[in-house]
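Below, each chain spelled out in residue letters.
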Amino acid sequence: MRDYIIMTDSCCDLNQQEVDELGLTVLPLSFTINGKTYLNTPDHAEMSPEEFFAKIAAGENSTTAAANVGQFDEAMRRALDAGKDILCICFSGALSTTYQSACIAAEDLKSEYPDAKIVVIDSLSASRGQGMLLYRTVQERRRSSPDIETLAAYVRSILQTQCHWFIVDDLNHLKRGGRVSATAAFVGTMLGIKPVMHTDSEGRLIPMSKARGTRAALKALVDKVEELGVEPDKNQPLFICHANCPDSVAYVKELLEERFGVTDVRADFIGPVIGAHTGCGTLGLFFVGTQR
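Because the structure is a prediction, the values reported are computed rather than measured.

Caption draft 1: Seen up close, the overall build of the protein chain. For the protein chain, the count of helices and strands is 11 helices and 13 strands. Relative to the 2.2 N^0.38 estimate, which gives 19 Å for 292 residues, the radius of gyration of the protein chain is 19 Å and therefore close to what a compact globule would have. With respect to the three principal axes, the spread of C-alpha positions in the protein chain is 60 × 45 × 30 Å. Out of the 292 residues belonging to the protein chain, those deemed buried represent 53%. Expressed as a percentage of contacts within the protein chain between residues at least 6 apart in sequence, the contacts between residues at least 24 apart total 75%.

Caption draft 2: Spatial organisation of the sheet that holds strand β3 (residues 29-33). On the basis of which strands lie adjacent, the open sheet formed by three strands has the order β4-β3-β5 and antiparallel pairing. Every interior strand has two partners, whereas the edge strands, β4 (36-40) and β5 (62-65), have only one. Strand-to-strand, the axes of this sheet are offset by a mean angle of 30 degrees, without reference to chain direction.

Caption draft 3: Structural view of unusual backbone geometry. Located in the positive-phi region is H44, a residue other than glycine, with phi close to 55 degrees. With respect to the helices and strands, the residue H44 is situated in the loop between β4 and α2 (49-57). One non-glycine residue, S127, lies in the positive phi region at around 50 degrees. Inspection of the secondary structure puts S127 in helix α5 (residues 127-144).

Caption draft 4: How the structure looks around empty space enclosed by the protein. Counting across every chain of the model gives one cavity of 30 Å³ or more. Estimated volume of the largest cavity: approximately 50 Å³. Lining the largest cavity are S10, D13, L14, N40, T41, P42, H44, D268, F269, I270 and G271. Split into classes, the residues belonging to the lining of the largest cavity amount to four nonpolar, five polar and two charged.

Caption draft 5: The packing of aromatic side chains, seen in detail. Summed over all chains, the structure comprises five aromatic pairs. Their ring planes at 80 degrees and their centres at 5.5 Å tell us that F31 and F52 sit as a pair that is edge-to-face. Pair noted here: F31 is in strand β3 and F52 is in helix α2, with a separation of 21 residues, a long-range link. Aromatic side chains Y135 and F239 sit 5.8 Å apart centroid to centroid with 55 degrees between the ring planes, which places their arrangement in the tilted category. With Y135 in helix α5 and F239 in strand β11 (residues 238-242), the pair connects residues that are 104 residues apart, well separated along the chain. Neither Y135 nor F239 differs from the other in exposure class; each is buried. Members of the aromatic cluster, joined through ring pairs, are F31, Y38, F52, F53 and F269. Its end group placed over the ring of Y251, R215 keeps NZ or CZ at 4.0 Å from the ring centre.

Caption draft 6: Focus on the pairing of β11. The buried fraction of β11 amounts to five of the five residues, a majority that puts the element mostly inside the structure. Residue alternation in β11 divides its side chains into two sets, L238, I240 and H242 and F239 and C241, and both sets are buried. Once you follow β11 into helix α10 (residues 246-260) and on to strand β12 (residues 265-269), the crossover reads as right-handed. Looking at chain direction, β11 and strand β13 (residues 283-288) are connected through four bridges and run antiparallel. Paired with H242 across the two strands is L283, which belongs to β13.

Caption draft 7: Representation of α5 in the model. With 18 residues, α5 extends 26 Å from end C-alpha to end C-alpha; this agrees with the ideal 26 Å at 1.5 Å per step. Backbone geometry just after α5 places S145 at a positive phi near 50 degrees.

Caption draft 8: Helix α6 (residues 148-158), seen in detail. Taken residue by residue, α6 has I148, L151, A152, V155 and I158 as its buried positions. Taken end-on, α6 shows its buried residues confined to a sector of 135 degrees, consistent with a single buried face. Those residues of α6 hidden inside the fold are in contact with β1 (4-9), β6 (85-90), β7 (118-122), α5 and β8 (162-167). Where α6 begins, the capping side chain belongs to D147, and its oxygen is found 3.1 Å from the backbone nitrogen of E149.

Caption draft 9: Quick peek at the packing of α5 against α6. Packing of α5 against α6 brings their axes to within 10 Å, and their N-to-C directions diverge by 140 degrees. Taken together, α5 and α6 sit at an angle that is classed as oblique. Two packed elements cross with a definite hand, and for α5 against α6 that hand is right-handed. Residue-level inspection shows L133, R136, T137, E140 and R141 of α5 in contact with α6, the latter providing L151, Y154, V155 and I158. The class makeup of the residues in the contact of α5 with α6 is five nonpolar, one polar and three charged.

So, how was this worked out
Residues numbered from 1 in each chain as written. Predicted model: local features only at pLDDT ≥ 70, side-chain atom pairs only at ≥ 80, totals over all residues. Heavy atoms only, no water. Helix = DSSP H or I, 4+ residues; strand = E, 2+ residues; numbered from the N terminus. Rg over C-alpha atoms; globule rule 2.2 N^0.38 Å. Buried < 20%, exposed > 50% of the residue type's maximum accessible area, 1.4 Å probe, protein only. Contact = heavy atoms within 4.5 Å. Pairing = 2+ DSSP bridges. Axes fitted to C-alpha atoms, helices over the stretch in contact; angles between N-to-C directions. 1 Å grid on protein atoms, 1.4 Å probe; cavity = no way out; pocket = protein on both sides within 12 Å on 5 of 7 lines; lining within 4 Å. Points joined across faces, edges and corners; volume = space filled by probe spheres on them. Nonpolar A, V, L, I, M, F, W, Y, C, P; charged D, E, K, R; others polar. Phe/Tyr/Trp six-rings, centres within 6.5 Å; stacked < 30°, edge-to-face > 60°. Lys NZ or Arg CZ within 6 Å of the ring centre and 35° of its normal. Right-handed = clockwise from strand over helix to strand, strands pointing away. Expected span 1.5 Å × (residues − 1). Arc of directions from axis to C-beta. Polar contact = N/O pair within 3.5 Å; in protein donor to acceptor, adjacent residues only side chain to side chain. Parallel < 35°, antiparallel > 145°, perpendicular 65-115°, else oblique. Left-handed = near helix turned anticlockwise from the far one by under 90°.

Next comes the structure, spelled out in structure tokens:
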């Protein structure tokens, strides 16, 4: 059985320590702010999340770019030349062309490396939901030492058990992305309305309900763990992503411990690529459930 690597992109929002512990190869997406382009890497070498969200809070806008075919081609060649196959798990294809780029690169390389296997999977996930999927993938690999096709089948089998629920603090960011109307954004902002959203079975961002006030919205996320979660106190660790809102993270952790006895909650920043579209104050909660 040939050895293989697990490749992904930086929209998984895993930090450098987590990437190293899981042994992942991570391709960076990029973001542009004030006319300068930066790489979104797990070590945040070019701009920290704190600095990025401070700029967003000050009213600066950011644009983003997906990982392209050339980036995947270069990274895949390095692994193939080292005699390794590739399992590549990408940011949701419904939200980015990153997955499509990986597929194109893999197809282009088949004729040059006919004995190699390159398996590309759409995670249907975003941010640390994608990160949680990668965590589960590596844990399964370490548990059973499967070949690449068996591990790929495992990943596909758990995609619909990945629950992604989140709130957005600033409706104006959703307005710019075309997800709510200008009127709804204005009225919602005036009334303190917080949309509760999730990433659906096809990897799309879907508004599900509304709550008045941040604490009510955060409680609604935890309610979803009770509704959909599979033994949250005994199953995989829960993951949180946040856009510079540590008080919200602390409140969600408190609720999870009080209601379910959950203490293994792994929280970290939303990266600049996703944060450019969510704005400050966004928080996502990811857990294993009976369905999306």
